[in-house]
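# Per-entry structural report
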Amino acid sequence: MQEGSELRIAVLIDADNVPYAHVKGMLEEISRYGTPTIKRIYGDWTSSNLSGWKKVLLENAIIPIQQYGYTVGKNSTDSAMIIDAMDILYTGQVNGFCLVSSDSDFTRLAMRLREAGMRVLGMGEKKTPTPFIAACDRFIYLEILNAEKEEQKEEQREENKNEGRSARRRSRPKAAAVDNTASESGEAERAKIGRVDASLIKLIASSVDDIADENGWAFLGDVGNLIQKKQPSFDSRNYGYRKLTQLIQATGKFEIDQRETANNHIKHVYIRQIGVTDVR
């Protein structure tokens, strides 16, 4: 997906299908892809079920759109979101949308927006149906944002503890135990999303083959983009790794070559399957 400030994003949130605890992490993630110029959230704000949203909306400048539930047991926010999305599309104010929901009813909307040349980012929980995920350019599970946030908090707590320790207690056997517990907790959370298995390795390998040079090497950035096109929900964080390079290395199936560039601070990473030899 196109990244940077040139991507102006309309963020439309289905309050009935997203926990408010994820909002801060969601907006931070969206900012990696562009600037959220429109932020709206849809729900029946007369309902006590959405009372927890009030503080979050004020803190993050999200505009609540009232949509009454006309029939008991029916989600009435869908039509309001779809109508607004189409209105925004025709104003030309944005060139990207972020649809935040775990509801498959937005599948056709995502497809229509992409047909119009819009970039579509989807966000939802692991329970999100596959058709909606496949209809987006990229889909991000909310669970990994929450797990990442907890991991960062744990790292900060440990860092604060370390600053107060004397030099004689640097070994900190108890602290190490806490680190392991935190790591295991993070892994357990991420394990709910996905695991490194044969199907993942096959996906990576086929993507490398598709764009590799005559010696089998492929630029990692291009590999990541191609995988994203094949599987919109792909994210190295789903498997417990912050970076794609770390995930590739963990599989043990690929060689990694970091090549120097004109900028000493930047290296280009290339990968190829183990066992491939250079053409002489």
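Everything below is about the structure printed above this text.
Being a predicted model, the structure only gives us computed values, none of them experimental. (Residues numbered from 1 in each chain as written. Predicted model: local features only at pLDDT ≥ 70, side-chain atom pairs only at ≥ 80, totals over all residues. Heavy atoms only, no water.)

### Quick word on the nonpolar core
- Counting 51 residues, the largest nonpolar core has Ile-13, Met-26, Trp-53, Phe-97 and Met-123 as the members making the most contacts within it.
- Per element, the largest residue contribution to this core is six residues, and it comes from helix α3 (residues 77–91).
- With residues up to four places along the chain from it excluded, the contact list for Trp-53 reads Ile-13, Ala-15, Val-18, Pro-19, Tyr-20, Val-23, Ile-41 and Trp-45.
- The next biggest cluster of nonpolar side chains, apart from the first, holds 18 residues, and it includes Leu-220, Val-223, Leu-247 and Ile-248. (Core = buried A, V, L, I, M, F, W, Y, C linked by side-chain atoms within 4.5 Å. Buried < 20%, exposed > 50% of the residue type's maximum accessible area, 1.4 Å probe, protein only. Helix = DSSP H or I, 4+ residues; strand = E, 2+ residues; numbered from the N terminus. Contact = heavy atoms within 4.5 Å.)

### Remarks on the environment of Ile-65
- In this fold, Ile-65 is placed in strand β3 (residues 63–66).
- The exposure class of Ile-65 is partly exposed, given its relative accessible area of 23%.
- As a C-alpha pair, Ile-65 and Ala-15 span 50 residues in sequence and 10.0 Å in three-dimensional space.

### A closer look at the pairing of strand β9 (residues 267–273)
- With two bridges connecting them, strand β7 (residues 218–219) and β9 associate as antiparallel partners. Across the sheet, the residue bridging to Phe-219 is Tyr-270, located in β9.
- Alignment of strand β8 (residues 254–260) against β9, held across seven bridges, turns out to be antiparallel. The residue of β9 that forms the bridge with Asp-257 is Tyr-270. (Pairing = 2+ DSSP bridges.)

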